[in-house]
Amino acid sequence: MGQREIRADYDDRSIVVYQAYSPAIAEPAVAAQRFVPPFKMERMTWIKPSFLWMMYRCGYALKEGQERVLAVRITRSGFDWAVSNAVSSRIPGKPAVRVQWDPERGLHHEALPCRSIQIGLTREAVDRYVNEWTVGITDVTALAHQVHEKVREGDLDGARALLPVERPYGTTTAQNA
């Protein structure tokens with residue numbers, strides 16, 4: 001795996017990104033298959049194609065306000081637009097899309113030598129994400145808990161067997177963002 005390589009669950013038309021929310025936001029989103037209030041369009045929302053990075057961020061769906069993990073399937077064209085319009089989070093200003101490359105995480109949340117992309121969407125990008133790109137939303141909280149239970153039991157092979165299959169995603173723009 002390269003230092004900065006997007007790895008994701010994707011097919012010819014869509015890619016899965018992960019987000020964690022409170023039940024108050026997650027349940028209506030799953031029911032509507034798109035983000036609806038109380039989701040706030042005016043806030044920056046961060047999407048992550050790495051399941052394990054999301055598990056690190058939300059503590060296997062145990063952190064307050066992040067008790068539900070959603071697998072959001074979005075169009076590849078939308079994801080590619082976001083990546084091609086992203087600027088580094090270190091650059092000042094208020095772009096519609098920000099990108100960060102943080103250390104990928106392992107099953108015990110340990111930092112790995114490669115980097116995982118996070119994409120922050122705001123303004124126009126959030127509107128596109130919610131109203132154009134989202135293909136479907138699945139609650140994968142039970143999977144997060146199952147993986148965590150295997151890790152706690154010391155069954156790392158069992159935990160790995162449960163993980164979504166993520167493979168290198170082929171966009172050259174993303175590697176340079």
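Preceding block: the structure.
Attention in this report is confined to the structure presented alongside it.

**A closer look at the pattern of salt bridges**
Here the structure, examined in full by the defined rule, presents nine salt bridges. Here D157 makes a salt bridge to R160, at a shortest N to O gap of 3.2 Å. Separated by three residues within a single helix, D157 and R160 lie in helix 6 (residues 156–162), roughly one turn from each other. By relative accessible area, which is 60% here, D157 ends up exposed.

**Re helix 5 (residues 141–153)**
Between the first and last C-alpha of helix 5 there are 18 Å, a value that for 13 residues agrees with the 18 Å anticipated at 1.5 Å per step. On its buried side, helix 5 packs onto helix 2 (51–58), strand 4 (68–75), strand 8 (134–139) and helix 6. Note on helix 5: the residue one or two positions beyond its end, G154, has a positive phi of about 85°.

**A closer look at the nonpolar core**
With 34 residues, the main nonpolar core has F35, I74, F79, V97, I119, L121 and Y129 as its most contacted residues. A per-element tally of this core places helix 4 (residues 124–133) first, with five residues. Those residues in contact with I119 that lie beyond four places of it in its chain are T45, W46, I47, F79, A82, V83, V97, R98 and V99. Core analysis: the next-biggest nonpolar cluster, separate from the first, contains 20 residues, F51, V69, A71 and V147 among them.

**Considerations on unusual backbone geometry**
In this model, P37 is joined to P38 through a cis peptide bond whose omega is 20°. A positive phi angle, close to 55°, is found at Y60, a residue other than glycine. Among the secondary structure elements, Y60 is positioned in the loop between helix 2 and strand 4. Positive phi, close to 65°, is recorded for A61, a residue that is not glycine.

Definitions and limits used
- Residues numbered from 1 in each chain as written.
- Predicted model: local features only at pLDDT ≥ 70, side-chain atom pairs only at ≥ 80, totals over all residues.
- Heavy atoms only, no water.
- Salt bridge = Lys/Arg side-chain N within 4 Å of Asp/Glu carboxyl O.
- Helix = DSSP H or I, 4+ residues; strand = E, 2+ residues; numbered from the N terminus.
- Buried < 20%, exposed > 50% of the residue type's maximum accessible area, 1.4 Å probe, protein only.
- Expected span 1.5 Å × (residues − 1).
- Contact = heavy atoms within 4.5 Å.
- Core = buried A, V, L, I, M, F, W, Y, C linked by side-chain atoms within 4.5 Å.

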